[in-house]
Amino acid sequence: MKPSSFLPTAPLTRRSLLQRAAGGFGYLALAGLLGDEQAKAAPVERALEPKAPNFAPRAKRVLFLFMKGGPSHVDTFDPKPLLDRDDGKPYPFEMPRVTFAKTTTLLKSPWKFRQYGQSGLPVSELFPNVAQRADDLCVVRSLYGTNPAHGGAALKLHTGSDTQVRPSMGSWTVYGLGTENQNLPGFITICPTLAHGGVNNWGAAFLPAHCQGTPIGNAAIPSDQAAVKHISNTRIDQSLQRRQLDRLAEMNREHLALTGPDLALEGRINSFELAFRMQMAMPDAQDLGQESEATRKLYGLENPVTANFGRQCLMARRFLERGVRFVQVTHSDSEVQWDQHSNLYKGHSKNAAEVDKPIAGLLQDLKLRGLLDDTLVIWGGEFGRTPTAQGKDGRDHNPEGFTMWLAGGGVKGGLAYGATDDYGYFAVNDKVHIHDLHATILALLGINHEKLTYKYAGRDFRLTDVEGRVVSDLFA
């Protein structure tokens with residue numbers, strides 16, 4: 001039989017062998033380099049332990065109240081008298097080159113603003129309860145982003161990128177600081193939306209698996225039914241589970257001893273251990289029956305309008321006081337909640353009524369318990385809305401200028417920072433890009449955003465990419 005043309009017809013010299021096997025040697029070299037990188041990584045079983053910040057932190061933990069869909073800043077925390085005066089007139093300045101949809105003339109706010117607290121901070125009548133906490137609020141009126149669509153804007157806010165899959169800010173926080181409770185995840189997201197970025201909004205991407213956000217339910221599930229999947233094992237008792245895990249860990253350690261460091265496998269081992277410990281800790285943290293009647297009323301649990309979001313906020317406080325590093329609470333539904341392209345008055349009135357009392361109660365409760373001083377609370381959506389009308393009575397998406405507020409965690413209360421133009425379309429004074437917001441959040445946690453990096457695919461990545469500045473004027 002004729003020898004295959006793919007096989008050599010003469011003995012190979014050493015040089016020929018190296019030439020023919022060059023690809024294989026390259027793979028060996030690459031495997032060795034990757035092995036070195038993994039060997040340098042922190043052991044996964046200690047990955048969740050608290051880590052020292054770069055400098056003295058103002059905040060120890062973060063609570064992000066995400067208003068899905070984009071609340072209108074000119075109807076909530078950024079009053080525009082000229083918008084009221086010029087209702088129905090054309091917007092007098094140049095419009096953005098890229099818009100999500102067509103809008104027409106200026107549309108005044110249907111809500112009045114009043115000044116509250118010693119600071120005199122103006123707040124819309126949409127938020128009468130939150131307004132009572134005005135002196136705790138640090139309102140940033142000059143945020144701007146890069147994307148007018150929900151998916152891209154949500155990803156930008158959560159991960160710093162609207163085009164690539166990147167780790168979320170919660171994941172970066174856990175990667176940089178670890179967490180204070182080894183029986184609960186370091187990052188928990190309560191009733192998150194599965195749309196517009198979905199799991200990528202709380203994902204770890206290329207960061208270690210323990211940095212991933214743990215969802216409790218989703219936006220389509222009432223909060224009283226929200227739970228971590230498979231949190232209980234009804235088939236075998238805990239003693240047998242413990243023996244199974246010990247044997248599995250032993251087998252995996254034997255494998256690691258032969259193959260060397262493997263972050264994916266070590267992450268899986270750690271996830272099994274954390275899941276076992278969570279069986280006791282998670283149900284206890286979610287048991288709102290332990291709360292007093294006064295506390296339940298503070299969050300609006302007795303009212304069907306506020307009960308759903310109130311339970312989310314109360315759960316969040318229970319996780320925070322148990323040492324969870326980053327907690328996110330999402331206000332969303334099947335209609336993208338705050339996305340009022342029409343029926344602005346009806347939609348925003350409904351939305352604000354659902355969250356106003358729970359948020360005010362949460363801020364009051366955190367303060368009474370001494371948690372607000374070192375808990376950074378963040379409120380806002382993926383963008384704002386246009387001062388011009390979409391249709392008869394709606395507003396379009398607006399990433400050019402919008403508002404978010406911070407509270408606690410070392411920020412100045414009673415402050416209105418930055419400004420949009422006279423009608424609220426563009427951020428014009430003391431502009432704060434999303435990268436700047438992320439850099440500032442990390443700085444409040446004691447992290448230098450330029451040093452919080454992770455090497456992946458041949459380069460160092462960070463939450464703020466290659467941009468971002470710390471807005472220290474917000475610091476108390």
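So, here is what we can say about the structure in this document.

Definitions and cut-offs
Residues numbered from 1 in each chain as written. Predicted model: local features only at pLDDT ≥ 70, side-chain atom pairs only at ≥ 80, totals over all residues. Heavy atoms only, no water. Buried < 20%, exposed > 50% of the residue type's maximum accessible area, 1.4 Å probe, protein only. Helix = DSSP H or I, 4+ residues; strand = E, 2+ residues; numbered from the N terminus. Pairing = 2+ DSSP bridges. Contact = heavy atoms within 4.5 Å. Salt bridge = Lys/Arg side-chain N within 4 Å of Asp/Glu carboxyl O. Polar contact = N/O pair within 3.5 Å; in protein donor to acceptor, adjacent residues only side chain to side chain. Expected span 1.5 Å × (residues − 1). Bend = angle between axes of the 7 residues up to and from the residue. Axes fitted to C-alpha atoms, helices over the stretch in contact; angles between N-to-C directions. Parallel < 35°, antiparallel > 145°, perpendicular 65-115°, else oblique. Left-handed = near helix turned anticlockwise from the far one by under 90°. Nonpolar A, V, L, I, M, F, W, Y, C, P; charged D, E, K, R; others polar.

1. Things to note about helix α5 (residues 150-159)
Judged by how many residues are buried, α5 sits mostly within the fold: 9 of 10 residues are covered. Where α5 ends, the next residue or the one after it, glycine 160, has phi of about 85°, a positive value.

2. Considering the pairing of strand β1 (residues 61-67)
Of all 7 residues in β1, 7 are buried; the element is thus mostly enclosed. In this sheet, strand β8 (residues 375-380) lies alongside β1 in parallel orientation, the contact comprising 6 bridges. Across the sheet, residue phenylalanine 64 finds its bridge partner in β8, namely isoleucine 378. Bridging between β1 and strand β7 (residues 326-331) involves 6 bridges; their strand directions are parallel. When the sheet's bridge partners are listed, phenylalanine 64 is paired in β7 with glutamine 328.

3. Structural notes on the environment of tyrosine 417
Locating tyrosine 417 in the fold gives a position in strand β12 (residues 415-417). The exposure class of tyrosine 417 is buried, given its relative accessible area of 8%. The spacing of tyrosine 417 and valine 139 is 278 residues in sequence and 6.0 Å in space, taken between C-alpha atoms. Residues contacting tyrosine 417, with those up to four places away along its chain left out, are Val139, Val140, Arg141, Ser142, Asp430, Val432, Arg469, Val471, Asp473 and Leu474.

4. Here we look at unusual backbone geometry
Glycine aside, negative phi is the norm for most residues, and most peptide bonds take the trans geometry. With phi around 50°, alanine 205 is a residue other than glycine that occupies positive phi space. Within the fold, alanine 205 resides in the loop between β5 (187-190) and β6 (214-216). Backbone geometry places asparagine 343, a non-glycine residue, at a positive phi of 50°. Look at asparagine 343 and you get partly exposed, because its relative accessible area is 42%.

5. Remarks on the pairing of strand β11 (residues 402-408)
Of all 7 residues in β11, 7 are buried, a share of seventy percent or more. Inspection of the sheet shows strand β4 (residues 137-144) paired to β11 by 5 bridges, in the antiparallel sense. Its bridge partner being in β11, cysteine 138 is matched across the sheet by leucine 406. With 4 bridges joining them, β8 and β11 adopt antiparallel strand pairing.

6. Observations concerning the pattern of salt bridges
Counted under the stated rule, the structure contains 27 salt bridges. Across the salt bridge formed by aspartate 86 and arginine 85, the nearest N and O atoms sit 2.9 Å from each other. Assessed through its relative accessible area of 4%, aspartate 86 is described here as buried. Put simply, arginine 385 and aspartate 339 hold a salt bridge, and the shortest N to O gap is 2.8 Å. With arginine 385 in strand β9 (residues 384-390) and aspartate 339 in the loop between β7 and α11 (344-368), this residue pair connects regions lying 46 residues apart in the sequence. The class for arginine 385 is buried, based on a relative accessible area of 0%. Several salt bridges share partner residues, and in doing so they unite Asp284, Glu291, Arg317, Arg318, Glu321, Arg322, Asp365 and Arg369 into one network.

7. What to know about the environment of aspartate 465
Among the structural elements, aspartate 465 can be located in the segment after β17 (459-461). Note on aspartate 465: relative accessible area 31%, which makes it partly exposed. Here the alpha-carbon distance between aspartate 465 and threonine 159, two residues 306 residues apart in the chain, equals 9.9 Å. The contacts of aspartate 465, once residues within four sequence positions are left out, are His435 and Arg459. A polar atom in the side chain of aspartate 465 sits 3.3 Å from the side chain of arginine 459.

8. A few points about α11
Helix length check: α11 (25 residues) gives 35 Å between terminal C-alpha atoms against 36 Å at 1.5 Å per residue, within 8%. Taken as a whole, α11 carries its principal kink of about 30° at valine 355; the proline proline 358 stands between one and four residues after it. Glycine 370, located one to two residues past α11, shows a positive phi value of around 75°.

9. Points about the packing of helix α10 (residues 304-321) against α11
Their axes nearest at 8 Å, the elements α10 and α11 cross at an angle of 25°. In terms of orientation, α10 and α11 fall into the roughly parallel class. Between α10 and α11 lies a crossing whose hand is right-handed. For the pair formed by α10 and α11, the contact residues are Val305, Thr306, Phe309, Gly310, Cys313, Arg317 and Leu320 on the first element and Ala353, Glu354, Val355, Lys357, Pro358, Ile359, Leu362, Asp365 and Leu366 on the second. Of the residues assigned to the contact of α10 with α11, the class counts are 10 nonpolar, 2 polar and 4 charged.

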